[in-house]
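Survey of secondary and tertiary structure
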Amino acid sequence: METFIANNAQQNHLQIPPQPIAQQAIQQRQRRYWDARVYEEVRGDNWSRTSVDNRIDLQGWLPYLDQLPRDPYVDTRWKRMSWFYLDQSGEPRVLAGCPMAQGGAFNDADTMADKVRHYAPLEDQFIQRDDVSSFIKGWADLWDIQPGEPILMQINGVRGDELTDPLQGQGIHKDGSQFLSVLVINRENVNGATSSLSFDKQGRQEIISADLAPGEILHIKDDQIYHSVSSLKPLDTSQPFERFIIIINCRFNDQFQNRILREHFPGAVLNEW
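Let me sum up the structure you'll find in this document. These numbers come from a predicted model, not from an experiment. (Residues numbered from 1 in each chain as written. Predicted model: local features only at pLDDT ≥ 70, side-chain atom pairs only at ≥ 80, totals over all residues. Heavy atoms only, no water.)

This part is about the overall build of the protein. Scanning the protein from N- to C-terminus turns up six helices and 15 strands. When each of the 273 residues of the protein is scored for burial, the buried share is 55%. Pairs at least 24 residues apart make up 79% of the contacts formed inside the protein by residues separated by at least 6 positions. (Helix = DSSP H or I, 4+ residues; strand = E, 2+ residues; numbered from the N terminus. Buried < 20%, exposed > 50% of the residue type's maximum accessible area, 1.4 Å probe, protein only. Contact = heavy atoms within 4.5 Å.)

This is the structure:
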């Protein structure tokens, strides 16, 4: 993938005019990445649970977990993240240098809310993998993401030997975007970490509660549905646990994040009002 470096605001205009006919052709080429059921469910039910391990080399992704640095804002978490966009041919390109930002309306954790957060980027060898590129393109097609829209992709997770809250105080929440997916990469010696979706922040209108296996992914319309995951601890208390996930989302409702994106990428296609 090519990298777009954010180092001069005057040069950071993506210059991507709308081309609906070309985009329609791109979408048709990508239509088979997910089963037809998944497209129907996200449009009709606002969420879908499926597996992607037949599309990616999950074992090939695992070594990148060993290189994750600690989250500088949450000591018990490890994390990398990068921004992408699709060019006019539908290929993902890297937008380098933009931080992550979540307003307090979308993040209840004092360590993260209303802060501009800088993380180490995803490794070049990882984002240049064919199965990573096809995953991003397939994900963008699922949600009809247009050229120039910033896509945030994170790898994060926890490891340890005692009870841990993987959300670090976020609780039941939305991420501040329209479209969000959570893919479990690994789950070793884990008791807990049950993923749940609900229609309300209190969790009384629960939609699903399940322990996702490696390779399983939850697609969520983040502006319609809340999500959460429970605390976890070792299944075998003599051994440590480990659980890591991919989070990918786009089309942000969080205007704090959009403001930061606009500062770094003036030409980006944003969900602004």
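Still more to cover.
With that settled, consider the environment of Ile172. The topology assignment puts Ile172 in the loop between β7 (151-160) and β8 (177-188). If sequence neighbours within four positions are ignored, Ile172 has contacts with Ser198, Asp200, Lys201, Gln202, Gly203, Tyr226, His227 and Ser228.

So, on to helix α5 (residues 130-142). With 13 residues, α5 ought to run about 18 Å at 1.5 Å a step, and its terminal C-alpha atoms sit 18 Å apart, in line with that. Within α5, 11 of the 13 residues are buried, leaving the element largely enclosed by the surrounding structure. Along α5, the residues classified as buried are Asp131, Val132, Ser133, Phe135, Ile136, Lys137, Gly138, Trp139, Ala140, Asp141 and Leu142. Phi turns positive one or two residues past the end of α5, at Asp144, with a value near 55 degrees. (Expected span 1.5 Å × (residues − 1).)

Taken together, three strands build an open sheet; the order of strands is β11-β10-β13 and the sheet is antiparallel. Edge positions in the sheet fall to β11 (206-210) and β13 (226-229), since each of these pairs with one other strand and no more. Mean inter-strand twist for the sheet, computed between neighbouring axes without regard to direction, equals 15 degrees. Where strand β10 (residues 195-198) lies against β13, four bridges are found, and the strand directions are antiparallel. If you follow Ser195 over to β13, its bridge partner there is Val229. (Pairing = 2+ DSSP bridges. Axes fitted to C-alpha atoms, helices over the stretch in contact; angles between N-to-C directions.)

Considering all chains together, one arrives at eight aromatic pairs under this definition. On the numbers, 6.1 Å between centres and 85 degrees between planes, the contact of Trp61 with Phe135 is edge-to-face. Taken together, the residues Trp61 in helix α3 (residues 58-61) and Phe135 in helix α5 connect sequence positions 74 residues apart. Phe135 matches Trp61 in its accessibility class, with the two residues each being buried. An aromatic cluster is present here, built from Trp61, Tyr64, Phe126 and Phe135 joined pairwise through their rings. Across the ring face of Tyr33, the terminal group of Arg55 is positioned such that the distance to the ring centre comes to 5.2 Å. A cation over an aromatic ring shows up here: Arg159 above the ring of Trp78, its NZ or CZ 4.8 Å from the ring centre. (Phe/Tyr/Trp six-rings, centres within 6.5 Å; stacked < 30°, edge-to-face > 60°. Lys NZ or Arg CZ within 6 Å of the ring centre and 35° of its normal.)

Turning our eyes to something else, we now look at the side chain of Lys174. Along the chain, Lys174 falls in the loop between β7 and β8. Look at Lys174: it is buried, it has no salt bridge, and the nearest opposite charge is Asp223 at 6.7 Å. (Lys, Arg positive; Asp, Glu negative; His and termini not counted. Salt bridge = Lys/Arg side-chain N within 4 Å of Asp/Glu carboxyl O.)

The tally for this structure, following the rule as stated, stands at 13 salt bridges. Salt-bridge contacts for Asp87 lead to Arg93; the nearest nitrogen and oxygen are separated by 2.9 Å. Through salt bridges that share partners, Asp57, Arg129 and Asp131 make up one connected network.

Attention now goes to the pairing of strand β15 (residues 241-252). Among the 12 residues that make up β15, 11 are buried, leaving the element largely enclosed by the rest of the structure. Pairing geometry for β7 and β15, over 10 bridges, is antiparallel. Considered in β15, the bridge of Gln154 is made with Ile247. Relative to β15, β8 runs antiparallel, the two sharing 10 bridges. Its bridge partner lying in β15, Glu188 is registered against Glu242.

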